[in-house]
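# Survey of secondary and tertiary structure
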Amino acid sequence: MKTIMGAIPQPGITGSASEQTVASFTPPMPSDKAGPKLRAANIDFFYGKFQALHNVSIEFPQNQITALIGPSGCGKSTFLRTLNRINDTIRGSRVTGEVVMDGINILQVDVTELRRRVGMVFQRPNPFPKSIFDNIAYGVRINGLARRSEIGEVVERSLRRAALWEEVKDKLHKSAYALSGGQQQRLCIARALAVDPEVLLLDEPCSALDPIATSKIEELLLSIKDQCTLIIVTHNMQQAARVADLTGFFLMGRMVEFNKTDIIFKTPARKETEDYITGRFG
Amino acid sequence: MRRLWRKAVNNVMLTLTGLCALVTVSALFLILGYLLWNGGKSLDWDFFTKLPLSPGELGGGMANAIIGSAKIVALAALLGVPIGFMSGVYIGEFSGKNMANVIRYTADLLNGVPSIVIGIFAWTLLVVPMRHFSAWAGGFALSLMVIPVTLRATEQFLGQVPLELREGALALGASKWKSVVTVVIPAARTGILTGIILGVARVSGETAPLLFTALNNQFWSKGFGEPTASLPVMIYTHAISPYEDWHRQAWAAGLVLLGLVLVANIAARMVLAKGAATQRG
């Protein structure tokens, strides 16, 4: 059900990201560290006849946190969900354009392998109705990533990376539902980290959490960014300002502006961005 | 004036609906009480351990009918539950919407087929070619009634598994099939199990399909190939007989059957409550 336009894998886009024009009105790409881990170009997305995304292009630099902000219904979640193709499951949906990871168009690769490499954390914590241990081990087991004897190690390492180990080490075989909301969300992050993803997508991961749980998640994100590339959709602009290196502003299915976070928040180039940031709408 | 009228209507409706609710509740308790009163008198240890006696001899039991019912119902569950469950998974998770509608509608029709018609069908299909009544035929007939109930329960409880869980599994690299087997079905497990228990309990009281298929037997039946006694048919034959002692036995059998169905219902509810408790943690 997928139309792929210009879907020729392009090896060697490791060079300067500034060669890519993201949108006609945005300044050159601000990635000054490594090349882009993930690059989306000219993404159009349709739910049936409704076009939810218009020509979105963006580059995500390696080991950086990129925030996507914008009012409800602006397409930022839809865009995030094209990056691991979880939107494929929606009947009548269609995407055109290309998403290139490490030089390979992900719209053409095996989707289960893609999702192993591009993890996702959802808006509401969604632990499986299984034990804490089995939740973390799930991805490792279904992907056959570790031998039986090594799974315990993977579980401990993942829980430590998500700063949850100390809280749950004595109840690994209790139901994941026994944890608090914030713990459940960190469990979901640990579960995603257990399969060693190269990119981690987070879809408003803190919107159901209180401020303390939120700050724990934010600390956690900052602590794992040296291991993977993070892309976070958030409604909370302070959160974007606190954690993100780069920020993209979406409005009505278009990416209006993309730049370093402090530039977006201090000297945005576009009036819509400024209006949104200063709370005039959205 | 208007206010008085409104108040009067309100009171009448309240009384009417309340009375109807009372009738519903008392129906069960009347049946239960009546059965306890009549059946309790004849229910003794012999009922569970001995064979029925000829008319005129006092005593005896229905051990063969209890075992026979167990055999037939087990067969029905063994045949019907997997087929109903798999079809439920198919329409709940894999088929398109139109196909699901067609299959669901067909299952509802099958569920609505009068049980006596199912009996005749099984008779034509199995009893006539095999040239004798058997537990096989009885189990087959009842399985046709287990299938739609299991299918509906499976589909319904699979449908209640939140999208977030499915996406959570897919996002970790699970294929559709793997996500269904490892996450969706386990999440719906208790609900499906409850539906299956209730459905199987329901068919264990069916009489008409067995009249044409398993028939009855005053003695033990070997294996599954012989005419087999069952509690509902035993109740029927004993109740229409002219003998006082057989009537008492029929009441006792009715009590046992109802007791078994009630136990199954309570068990189903306990399974569901336990499932809900583990979900909460």
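Each chain has its residues counted from 1, running along the sequence as written. The lettering of chains begins at A and the numbering of ligands begins at 1, in the order of writing. Given that this is a predicted model, residues contribute local features only at a pLDDT of at least 70 and side-chain atom pairs are listed and counted only at 80 or more, while totals for whole chains, interfaces and linings are drawn from all residues.

In this text, helices come from DSSP runs of H or I with a minimum length of four residues, and strands from runs of E with a minimum of two, each type numbered from the N-terminal end. Secondary structure assignment for chain A yields 10 helices and 10 strands. Neighbour counting defines burial: a residue surrounded by 20 or more other C-beta atoms within 10 Å of its own C-beta is buried, one with 12 or fewer is exposed, and intermediate counts give partly exposed, using backbone-placed C-beta atoms. A burial count over chain A gives 50% of its 282 residues as buried.

All right, on to helix H3 (residues 63-94) of chain B then. Take the residue count of a helix, subtract one, and multiply by 1.5 Å to get its expected span. Over its 32 residues, H3(B) runs 45 Å from end to end, which matches the ideal 46 Å to within 8%, given 1.5 Å per residue. Values of bend correspond, residue by residue, to the angle between axes fitted over the seven residues ending at that residue and the seven starting there. At Gly80(B), H3(B) shows its largest bend, some 30°, and a proline, Pro82(B), comes one to four positions later.

This part takes up the interface of chain A and chain B. Working definition of a contact: two residues with C-beta atoms, positioned from the backbone, lying within 7 Å. Taken together, the 23 residues of chain A in the interface contact 19 residues of chain B. Mapped onto the side of chain A that touches chain B, the elements with two or more residues apiece are helix H2 (111-117), strand S6 (118-121) and helix H3 (132-142) of chain A. Looking at which element gives the most residues to the side of chain A that touches chain B, the answer is H2(A), with 4 residues. In this count, Pro and Cys sit with the nonpolar residues alongside Ala, Val, Leu, Ile, Met, Phe, Trp and Tyr, while Asp, Glu, Lys and Arg are called charged and the others, Gly among them, polar. A class-by-class count of the residues in the side of chain A that touches chain B yields 10 nonpolar, 8 polar and 5 charged.

Residues and elements named next belong to chain A. Between any two strands, at least two bridges found by DSSP are needed for them to pair. Strand order in this open sheet of 4 strands is S2-S1-S4-S5, and the pairing throughout is antiparallel. The strands lining the two open edges of the sheet, one partner per strand, are strand S2 (50-61) and strand S5 (104-105). Note: strand S4 (residues 93-101) against S5, 2 bridges, orientation antiparallel. Pairing of valine 100 across the sheet is with asparagine 105, part of S5. Note on geometry: axes are lines fitted to C-alpha atoms, helical ones only across the stretch in contact, with angles between N-to-C directions running from 0 to 180 degrees. Its contacts with the sheet place helix H1 (residues 76-83) against strand S1 (36-47), S2 and S4, and it is angled at close to 120° to S1.

Residue and element names in this part refer to chain B. Domain boundaries in chain B define domain 1 (2-42) and domain 2 (48-280). Relative placement of domain 1 and domain 2: their C-alpha centres are 31 Å apart. Of the residues in the side of domain 1 that touches domain 2, the class split is 3 nonpolar, 4 polar and 1 charged. Note that the domain bounds were set by an automatic or database domain assignment.

Bringing the nonpolar core into the picture now. Judged by nonpolar contacts, the single largest core of 150 residues is most densely connected at Ala190(A), Leu201(A), Ile231(A), Ala137(B), Val146(B), Leu231(B) and Ala253(B). Ranked by residues supplied to this core, first place goes to helix H6 (residues 135-159) of chain B with 15 residues. With sequence-adjacent residues up to four places away left out, Ile231(A) is seen in contact with Phe60(A), Thr66(A), Leu68(A), Leu80(A), Leu83(A), Val199(A) and Leu201(A). By our criterion, buried Ala, Val, Leu, Ile, Met, Phe, Trp, Tyr and Cys residues that link up through C-beta atoms within 7 Å make up a nonpolar core.

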